[in-house]
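Structural characterization, general
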Amino acid sequence: MSIVERIELLTLKHIFIFSIVMLTGILTIQSHAQEIIIAFEDTLAPTTTLDGTARTKMLIRNMARADVKQAMFLIRTKTITPHTIDRMMYYDETGQFLVNAGHNYSMLHASKSFGYPIDIMKANAALKEYQNYHKHVFFPYLYDGRDRQLLEQLQNYLVEHNYSPTYVTTRVHDVYMNRLYHERTSAGRTVDIRQLEKAYIKMIVDAVMAYDVKARTILGFSPRQVLLLHENDIAAYCIVGAIDALNAKGFKIISPEKVFTDPIGNPYFVSGFSAVSYMPYLTGLPFAADEWNPVATKKDEAQIHSYLSEQGLESLIPQ
């Protein structure tokens, strides 16, 4: 097949997929509009200003207080140790949605095709005993298709071994805000947690609203979002306020299992096992790498500083 024929075929594929998703959106806009799943990474992180176990339990209990009984927890299984096993059991006992995020190394940087399957298999072996693990996998490295051959190999491997994809649509740089909070408290200084909560909430709501506006502009309806947060101290303290603020904006927090078992109402099926972005698959437009920075850029840091300044928390901002 010539290059021109490949391009024409790809264009037709995009048009077909976009038409299907638009029709799905029209049919489901009332039932699925403005729904959000909350996902957490950096799960089983070490003790900080909060004891690790206390932080996990506080986070899950506070979500339940806000009527969110299930969130998605991305588990890198190397962090399951005798010191964290009780927290893993608590995730499972409370019905959290457990996801295979690999075992040892960061899935953002693997370069050898055999590395991913080995890592996924190790993680699967560690997770298969948990009732709320169902072979869902998250690997953001694959979303932009930097290595098409590797992507195809991994897709085939995951299909052959009955793994299911997960995805994330919306992220905030809460790690950076949490780090500034730790630096302040580690120096023996106090932080007004209520004002910090307001900054945290504003950061999350702005990100969710921006994605919603973009999706409505491109697709004509509001698809489900998967909001990626981190299991850190700020989340444990402030998650109730964040959920309440999203509810006030008309967003409903739903369980992850409702999305991944519903391919008809889930437009993200078109991107296969790509974990992060579905827009390029619908529009045929290239993915902008700076839309998904895993680490806060200077611009991102400046935005966090502005949220803190609005709440009178200039003392947290590095000089």
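This report concerns the structure included in the present document.

Calculation rules
Residues numbered from 1 in each chain as written. Predicted model: local features only at pLDDT ≥ 70, side-chain atom pairs only at ≥ 80, totals over all residues. Heavy atoms only, no water. Helix = DSSP H or I, 4+ residues; strand = E, 2+ residues; numbered from the N terminus. Buried < 20%, exposed > 50% of the residue type's maximum accessible area, 1.4 Å probe, protein only. Lys, Arg positive; Asp, Glu negative; His and termini not counted. Salt bridge = Lys/Arg side-chain N within 4 Å of Asp/Glu carboxyl O. Polar contact = N/O pair within 3.5 Å; in protein donor to acceptor, adjacent residues only side chain to side chain. Contact = heavy atoms within 4.5 Å. Phe/Tyr/Trp six-rings, centres within 6.5 Å; stacked < 30°, edge-to-face > 60°. Lys NZ or Arg CZ within 6 Å of the ring centre and 35° of its normal.

Description of the side chain of D174
Inspection of the secondary structure assignment puts D174 in helix α6 (residues 174–186). Despite being buried, D174 has no salt bridge partner; R171 is the closest side chain of opposite charge, sitting 6.7 Å away. At a separation of 2.8 Å, a polar atom in the side chain of D174 contacts the side chain of H230. If we ignore the near neighbours within four places in the chain, the residues touching D174 are Y200, M203, L229, H230 and N232.

Structural notes on the side chain of D300
With respect to the helices, strands and loops of the structure, D300 is situated in helix α11 (residues 298–310). Salt bridges are absent for the buried D300, whose nearest opposite-charge side chain, K299, sits at 6.9 Å. Among the polar contacts listed, one links the side chain of D300 to the side chain of H173, at a separation of 3.1 Å. At 2.9 Å, the side chain of D300 and the backbone nitrogen of T297 are in polar contact.

So, the packing of aromatic side chains
Going through the model one piece at a time under the given rule, you end up with three aromatic pairs. Among the aromatic residues, those joined into a cluster by ring pairs are F40, F73 and Y91. A cation over a ring is seen here: K57 above Y90, with NZ or CZ 5.5 Å from the ring centre. Directly above the aromatic system of Y163 lies the positively charged group of K135, at a separation of 4.5 Å from the ring centroid.

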